[in-house]
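Commentary on secondary and tertiary structure
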Amino acid sequence: MMIASMLIFKGLKNLHLGIGTVGNFLTIGMIGAAVWMAAFIYAKTLKRKDLGKSTFLMFSWMQVFTAAGFAFSHGANDIANAVGPFAAIMDVLRTGEIGSESPVPAVAMLTFGIALIVGLWFIGKEVIQTVGTNLAEMHPASGFTSELAFLIS
């Protein structure tokens, strides 16, 4: 529910989807109910199996969602840090004046988004390996909690 809240209230608010606050909270509630139901069913099927292995599997699946939210948040911040100054420079070159706001062309957003994906494609694996094993070895439960803590802050 925290990840859904972050996406709806931070990430998707600029799309102006026309969904009100009540609709947003209902969407978050439905997502939370669906995740709870899936976890409940999954836990019932693993009831008689090894508790350690079952916990490991549950947290590894939950970590996929926190990693996706973390990647969305981090990528949006990186793109904003790169596009903001670029848009300001382009606005100054176009108008000859420094304004308090600069429009960001869709082509610039697309170009910077593709550049981020290409950068992650080429060096992402090495960075993840360094952080995941060489810096500190983490298990799914500790990875999930650290990613969720970062998303909430």
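Scroll up to find the structure.
Below: a short report on this structure. (Residues numbered from 1 in each chain as written. Predicted model: local features only at pLDDT ≥ 70, side-chain atom pairs only at ≥ 80, totals over all residues. Heavy atoms only, no water.)

1. Some words on the pattern of salt bridges
One pass over the structure, following the stated rule, counts one salt bridge. Between R94 and D91 there is a salt bridge, with the nearest N and O atoms lying 3.9 Å from each other. One end of the pair is R94 and the other is D91, both in helix α3 (residues 51–95) and three residues apart, which spans about a single turn. Using a relative accessible area of 8% as the deciding quantity, one classes D91 as buried. (Salt bridge = Lys/Arg side-chain N within 4 Å of Asp/Glu carboxyl O. Helix = DSSP H or I, 4+ residues; strand = E, 2+ residues; numbered from the N terminus. Buried < 20%, exposed > 50% of the residue type's maximum accessible area, 1.4 Å probe, protein only.)

2. Section: the environment of L110
With respect to the element layout, L110 can be found in helix α4 (residues 106–135). Its relative accessible area of 56% is what places L110 among the exposed residues. Each C-alpha atom of the pair L110 and I79 lies 10.0 Å from the other, and the pair is 31 residues apart in sequence.

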